[in-house]
Amino acid sequence: MSTRVGVGTKILGAAAFVSLGALAVFALVVAPPDERQGDAQRLMYLHVPAAWLAYLAFFVTAVASVLWLVPRTRSTTWDLLAGASAEIGVVFTGLTLVLGSLWGRPTWGTWWEWDARVTTTAVLFFLYLGYLALRRTGATAQERGTRCAIAALIAFVDVPIVHFSVTWWETLHQEATVFNRDLDVQFEGFWMPFTLIFAVFAFTLLYAFLVMVRLRLAELDEGREERQLEEAIAERVAVTV
Amino acid sequence: MDDNWGYVVAGYVITIAVLSAYGGWMWFRLRRARRADLDH
């Protein structure tokens, strides 16, 4: 098994890197400050795509888990993809919480508020942290795959709860803004909406790159563990004989 | 320049630091795996 990442992954990584550099320029220099929030609103260009990426990562984990659970499609790759995507999701959920806290301080006047959106997002973070811990518990690959796939599907229930929490409960966190027809949102000029859309695009590229590298790493770890097991069995057999 | 730039800079620096650390950790593990593969 080759230990190198493919050319496609490298191109994806370069594209993600360049896009993130361009995003920094758009978000910090080109886009105008918000009329009400001033420059603090520039955190939106990281907070929103980080949250989007967390949803995407956990969705991929859920789909890969279903594909593992269905006997006809069961493959180790689905189990490893589920784990790789969940890990990236946890990183970005953590970032979402930290960036939200930094944005909340100047706009809400507090670092943390136990409102529905913030609390359910924190629950999401710990649910998937638990999922990652579960992946490290000793078991055969089959047992681990099934156990973790079920856990991933249970944890995924929290994703729509996080998303709809702002409409189901009264929250300090604002409602869905961009795609909410009830709110007459006025973006200032071209650069503000463009930068937000570009940020989502750049973060999605980054996710695709990270998940491919993380999956490669997981496959290598899996291969090494199998090899070590085979060597240990061979040694044991040699001693017995 | 308003007073909120500190929060903005903190947010961007934390994001860069976290992503660099995570990317660096993966790069280190890949290198180690490659070396182990060569030794094998």
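These figures come from a predicted structure and were not determined experimentally. (Residues numbered from 1 in each chain as written. Chains lettered and ligands numbered in written order. Predicted model: local features only at pLDDT ≥ 70, side-chain atom pairs only at ≥ 80, totals over all residues.)

Colleague: Where do I start with the overall build of chain B in this structure?
Modeller: Along its length, chain B carries 1 helix and 0 strands. Seen along its three principal axes, the alpha-carbon backbone of chain B occupies a region of about 60 × 10 × 5 Å. Looking at chain B as a whole, 12% of its 40 residues qualify as buried. (Helix = DSSP H or I, 4+ residues; strand = E, 2+ residues; numbered from the N terminus. Buried ≥ 20, exposed ≤ 12 C-beta atoms within 10 Å, placed from the backbone.)

Colleague: How should the overall build of chain A be read in this particular structure?
Modeller: A count of helical and extended segments in chain A gives 7 helices and 0 strands. Going residue by residue from the N terminus, the α and β elements of chain A occur as α-α-α-α-α-α-α. Taking the principal axes of the C-alpha coordinates as reference, chain A spans close to 80 × 40 × 30 Å. Intrachain contacts of chain A at a sequence separation of at least 6 include 79% that bridge at least 24 residues. (Contact = placed C-beta atoms within 7 Å.)

Colleague: Help me out: how do you make sense of the confidence of the model for chain A in this one?
Modeller: Reading fine detail from the predicted coordinates is not recommended where pLDDT is low. Of all residues in chain A, 93% attain a pLDDT of 70 or more, and the chain-wide mean is 90. For chain A, the element scoring lowest by mean pLDDT is helix 7 (residues 191-240) of chain A, at 88; helix 2 (residues 44-69) of chain A scores highest, at 97. (pLDDT = per-residue confidence, 0-100.)

Colleague: Please clarify how the interface of chain A and chain B should be interpreted in this entry.
Modeller: Reports often express the size of an interface as the amount of accessible area lost when the parts come together. Counting residues at the interface gives 20 residues for chain A, matched by 19 residues for chain B. Of all elements in the fold, only helix 3 (76-108) and helix 7 of chain A reach the threshold of two or more residues within the side of chain A that touches chain B. It is helix 3 of chain A that provides the largest number of residues to the side of chain A that touches chain B, a total of 8 residues. Taken together, the residues that form the side of chain A that touches chain B break down as 13 nonpolar, 2 polar and 5 charged. (Nonpolar A, V, L, I, M, F, W, Y, C, P; charged D, E, K, R; others polar.)

Colleague: When you look at the confidence of the model for chain B in this model, what are you seeing that I'm missing?
Modeller: The predicted model of chain B has a mean per-residue pLDDT of 88, with 92% of residues at 70 or higher. As scored by the predictor, the complex reaches a pTM of 0.89 and an ipTM of 0.90.

Colleague: Help me understand the environment of A:Gly189, please; the structure alone is not making it clear to me.
Modeller: All names here are of chain A. With respect to the helices and strands, Gly-189 occurs in the loop between helix 6 (158-168) and helix 7. Looking at Gly-189, the number of C-beta atoms within 10 Å reads 9, which means it is exposed. When the C-alpha atoms of Gly-189 and Ala-31 are compared, they prove to be 8.9 Å apart, with 158 residues separating the residues in sequence.

Colleague: Sorry, what's going on with the nonpolar core here?
Modeller: Within soluble globular proteins, side chains that are nonpolar generally end up buried alongside one another. The biggest cluster of nonpolar side chains holds 61 residues, and the ones touching the most others in it are A:Leu43, A:Ala50, A:Ala57, A:Ala82, A:Ala152 and A:Tyr207. Mapped by element, the contributors of at least two residues to this core are helix 1 (7-30), helix 2, helix 3, helix 4 (116-135), helix 5 (141-156) and helix 7 of chain A together with helix 1 (5-39) of chain B. When residues in this core are grouped by element, the largest group, 14 residues, is from helix 7 of chain A. Non-local contacts of A:Ala57, meaning those with residues more than four positions away in its chain, are made with A:Ser85, A:Ala86, A:Ile88, A:Gly89, A:Phe92 and A:Tyr207. (Core = buried A, V, L, I, M, F, W, Y, C linked by C-beta atoms within 7 Å.)

Colleague: Can you help me understand the packing of helix 3 of chain A against helix 4 of chain A in this one?
Modeller: For any two helices packed against each other, one specifies the inter-axial angle together with the distance between the axes. All names here are of chain A. Their axes nearest at 9 Å, the elements helix 3 and helix 4 cross at an angle of 150°. As summarised for this structure, helix 3 and helix 4 are arranged roughly antiparallel, according to the angle between their axes. The way helix 3 lies across helix 4 gives a crossing that is left-handed. Of the residues in helix 4, those in contact with Gly-83, Ala-86, Glu-87, Gly-89, Val-90, Thr-93, Gly-94, Thr-96, Leu-97 and Gly-100 of helix 3 are Val-118, Thr-121, Ala-122, Leu-124, Phe-125, Tyr-128, Leu-129, Tyr-131, Leu-132 and Arg-135. Considered class by class, the residues forming the contact of helix 3 with helix 4 number 11 nonpolar, 7 polar and 2 charged. (Axes fitted to C-alpha atoms, helices over the stretch in contact; angles between N-to-C directions. Parallel < 35°, antiparallel > 145°, perpendicular 65-115°, else oblique. Left-handed = near helix turned anticlockwise from the far one by under 90°.)

Colleague: Mind showing me how you'd approach helix 5 of chain A here?
Modeller: Residue pairs spaced three or four apart in an α-helix point in one direction, given the helix's 3.6 residues per turn. Across its 16 residues, helix 5 of chain A extends 22 Å between first and last C-alpha, which sits within 8% of the 22 Å expected from 1.5 Å per residue. Where helix 5 of chain A is concerned, the buried positions are A:Gly145, A:Cys148, A:Ala149, A:Ala151, A:Ala152, A:Ala155 and A:Phe156. (Expected span 1.5 Å × (residues − 1).)

Colleague: What am I meant to see in the environment of A:Val213 here?
Modeller: With respect to the helices and strands, A:Val213 occurs in helix 7. For A:Val213, a count of 22 C-beta atoms within 10 Å translates into the label buried. Taking C-alpha positions, A:Val213 is 7.3 Å from A:Thr9, a pair spaced 204 residues apart along the chain. A:Val213 has contacts with A:Val5, A:Thr9 and B:Met26, leaving out every residue within four places of it along the chain.

Colleague: Hey, could you run me through the packing of helix 2 of chain A against helix 3 of chain A in this one?
Modeller: Residue and element names in this part refer to chain A. Running from N to C, helix 2 and helix 3 cross one another at 160°; their axes reach a closest spacing of 7 Å. As the angle between them shows, helix 2 and helix 3 are arranged roughly antiparallel. As helix 2 runs across helix 3, the sense of the crossing is left-handed. The residue inventory of the contact of helix 2 with helix 3, partitioned by class, reads 20 nonpolar, 8 polar and 1 charged.

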